[in-house]
Amino acid sequence: MASVWTFIRKPRNQRLLTWLGSGGAVAAAGIWAVVTYVGTTGSTATIPFNHLFVDPNPSTSIGSGIALADIDGDGRLDVITADGPTFGTGGQPVVAWYQNPGVEEQGNWTKTIIDSQFGGTDDAQVAEIRGNGIMDVITSDYPAGQIVWYENPRNWGGDPAKDPWRKHVIANGFLHDMAVGDVLGNGKLDVVVHGHFGAFSGESGPTVLYIQNDPDSWTEVTMTNAPDHNGNGKGIALANLAGHANGKLDLVENGYWLEQPNDPTNGNAWTAHTFDSSGPSLAAVAVVDINGDGRLDIVMDGSDGTPGALAWYEQGSGNPRDANNWTKHTIDATINTSHMLAIADMNQDGHPDIVFGEGGPNRIGFFLNNGDGSSWTMQLISPTNGGRPLVGDLGGDGDLDIVGTRDDRVPVDVWYNQSK
């Protein structure tokens, strides 16, 4: 099965499993008994979850960016959050990380503030900027108008729970979504952003690639050929759709993808190819081989209140640059407001499943893939705690758990998988 990792160089000691990217539930004694909803014919399966909190009340701000990584090098996945701007409503946004206690218990996550004077963001990512296996935090500071990364003190022998993190400015800029990966295939991690956090007020939301020269020097490339270059857009993923032989990655966005040219520093040379001309302007996007045919497919859903059903786009055997080579398969038309999607094999049957979190917040759950994407089974985890889900083995017991913020609302939730 072809797959693309969120971290193009897989981090050491990392248990985070990701590919690049109506029903009801009854709560009893803190355990969600999942009621299965079958959208089309498919096998039913129930995975029980125990709903606890990483932090029931992380701040007086709102939780926006969230990521998973082993921050302190103990082999366990920690949780990283970056609050959203308050827009004058009070509270102080912060960037923070929560140390995984290593047990599936309530209240044992230790919070460490990375930046107490943060302005707010809409996304956060983690990656080893120096390429040494030590995980750093990348985000944006909206009021400052900067794309930034925070250097983990472990890079100089420090303690990420006690020592100050160093803030580095990548460039002046804004974002709504962000992806981090080795776009050029040269062994250095680059940063891609899409959309302006304040674009709801009419500002443009371009796609911008920040090519890493070294950790303190970045080349800014604006994608002038992106269909929504002068409009408001959201949704970004990285994948090799053009068949590059040298490890290069293309940019996959809301209804189109941008093919990397011979000279990636030329923003005018990136060619846009449409896979859905009527796709939502604001979208959640992921890339994975859904049906196991060896070709990467695209998963997309409407986001931030923009209509657009949860669907996957099957890549045919023809030219991926041709819109007719992509076949849309609707999974569920009622799931149409996911801020982000996570791809993971939730039932460990070897097929990629789709984890969603509706904004609002509303539902959070996942669709189990029957194997070739022709039928799906939805399992609802909660009808009201949706938002921004991520997946990883937080409990260290071999099954996959779900963590998330409630789409700009506190707290930080964790659903421990009780399969093992």
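Not measured: the values here are computed from a predicted model.

Quick notes on the rules
Throughout, residues of each chain are indexed from 1 in the direction in which the sequence is written. Per-residue local features of the predicted model are confined to residues with pLDDT of at least 70, and side-chain atom pairs are confined, for both listing and counting, to 80 or more; whole-chain, interface and lining totals are unaffected and use all residues. Note: side-chain values were computed over all heavy atoms of the structure, leaving out hydrogens and water. Under the DSSP-based scheme used, a helix requires at least four consecutive residues in state H or I and a strand at least two consecutive residues in state E, with every element numbered from the N terminus. In this scheme, a residue with accessible area under 20% of its type's maximum is buried, one over 50% is exposed, and one in between is partly exposed, where area comes from a 1.4 Å probe on protein chains only. For the accessible areas, the method is Shrake-Rupley and the probe is 1.4 Å, while residue cover comes only from the protein chains on display. Strand pairing is assigned whenever DSSP detects at least two bridges linking the two strands. Here the positive residues are Lys and Arg and the negative ones are Asp and Glu; neither His nor the chain ends is included. A pair is scored as a salt bridge if a Lys or Arg side-chain nitrogen falls within 4 Å of a carboxyl oxygen belonging to Asp or Glu. Two residues qualify as a contact provided that any one of their heavy atoms is within 4.5 Å of a heavy atom in the partner residue. To get an axis, a line is fitted to the C-alpha atoms, and for a helix only the part in contact is used. The angle between two axes follows their N-to-C directions and goes from 0 to 180 degrees. Between N or O atoms, a polar contact is any pair within 3.5 Å; within protein, one atom must be a potential hydrogen donor and the other a potential acceptor, and residues adjacent in sequence are included only when both atoms are from side chains. Only rings of Phe, Tyr and Trp enter the pairing, Trp through its six-membered ring, and a pair is recorded when the two centres are within 6.5 Å. The plane angle decides the type: under 30 degrees is stacked, over 60 is edge-to-face, the rest tilted.

Undergrad: Would you mind going over the overall build of the chain with me for this structure?
TA: Helices and strands together make up the secondary structure of the chain, namely zero helices and 31 strands. Looking at the chain residue by residue over its 420 residues, the buried ones come to 60%. Carbon and sulfur atoms make up 46% of the accessible area of the chain, which totals about 14400 Å².

Undergrad: Would you mind going over the pairing of strand β26 (residues 353–358) with me for this structure?
TA: It is a general feature of regular strands that their side chains alternate between the two faces of the sheet. Counted residue by residue, β26 has six buried out of six residues, so it is predominantly covered. Of the two faces of β26, both are covered, the one formed by D353, V355 and G357 as well as the one formed by I354, F356 and E358. Counting the residues in the hairpin turn of β26 and strand β27 (residues 364–369) gives five residues, including G360, whose phi is positive at 135 degrees.

Undergrad: Please clarify how the side chain of K248 should be interpreted in this entry.
TA: Of note, K248 is situated in the loop between β17 (237–239) and β18 (250–252). Despite its burial, K248 remains without a salt bridge, the nearest opposite charge being carried by D263 at 8.1 Å. Sequence-distant contacts of K248, defined by excluding residues within four places in its chain, comprise V183, L184, G185, N240, Q260, P261 and N262.

Undergrad: Help me understand the sheet that holds strand β11 (residues 146–151) in this model?
TA: Strands pair in a sheet through their backbones, by hydrogen bonds, and they do so in one of two ways: parallel or antiparallel. On the basis of which strands lie adjacent, the open sheet formed by four strands has the order β9-β10-β11-β12 and antiparallel pairing. Each edge of the sheet is formed by a strand with only one pairing partner; in this case those strands are β9 (124–127) and β12 (166–172). Averaged over all adjacent pairs, the angle separating strand axes in this sheet is 25 degrees, with direction ignored. Strand direction decides the pairing type here: strand β10 (residues 136–141) and β11, joined by five bridges, are antiparallel.

Undergrad: How should I be thinking about the pattern of salt bridges in this particular structure?
TA: Between side chains of opposite charge, a pair can form when the charged atoms approach closely. Under the criterion given, the structure shown has 10 salt bridges. A cluster of three or more residues bridged by salt bridges with shared partners is formed by D115, D141 and K167.

Undergrad: Please clarify how the side chain of H176 should be interpreted in this entry.
TA: Along the polypeptide, H176 turns up in the loop between β12 and β13 (177–181). Taking relative accessible area as the criterion, H176 reaches 1% and is therefore assigned buried. Among the polar contacts listed, one links the side chain of H176 to the side chain of D122, at a separation of 2.8 Å. In this structure the side chain of H176 is engaged in a polar contact, spanning 3.3 Å, whose partner is the side chain of D304.

Undergrad: Just checking my understanding: could you explain the packing of aromatic side chains for this structure?
TA: Both the distance between ring centres and the angle between the ring planes are used here to describe each pair of aromatic rings. Within this structure, the stated rule accounts for five aromatic pairs. Measuring from centroid to centroid gives 5.9 Å for F49 and F366, while their planes differ by 65 degrees, and the two rings are edge-to-face. With F49 in strand β4 (residues 49–55) and F366 in strand β27, this pair connects stretches of sequence that are 317 residues apart. Each of the two residues, F49 as well as F366, counts as buried. With 6.0 Å between their ring centres and 50 degrees between their planes, F275 and W326 make a pair best called tilted. Here W326 lies in strand β24 (residues 326–332) and F275 lies in the loop between β20 (271–274) and β21 (283–288), a separation of 51 residues in the sequence. Taken together, F275, Y313 and W326 form an aromatic cluster joined through their ring pairs.

Undergrad: What exactly am I supposed to notice about the sheet that holds β18 here?
TA: In spatial order, the strands read β17-β18-β19-β20; together these four strands make up an open sheet with antiparallel pairing. Here the strands that pair on one side only, and so sit at the sheet edges, are β17 and β20. Averaged over all pairs of adjacent strands, the angle between their axes in this sheet comes to 25 degrees, without regard to strand direction. The sheet contact formed by β18 and strand β19 (residues 256–259) spans two bridges and is antiparallel. Bridging from a neighbouring strand, V252 pairs with W257 of β19.

Undergrad: Can you walk me through the environment of N232 in this structure?
TA: Mapped onto the secondary structure, N232 falls in the loop between β16 (217–222) and β17. Residue N232 is classed as partly exposed on the basis of its relative accessible area of 24%. Between the C-alpha atoms of N232 and P206, which are 26 residues apart in sequence, the distance is 7.7 Å.

Undergrad: Explanation requested: the environment of R130 in the structure shown.
TA: Within the secondary structure, R130 sits in the loop between β9 and β10. Put simply, R130 and K188 are 58 residues apart on the chain and 8.0 Å apart in space, counted from C-alpha to C-alpha. Apart from residues lying up to four places away in sequence, R130 is in contact with D136, W149, E151, N155, H168, P215 and D216.

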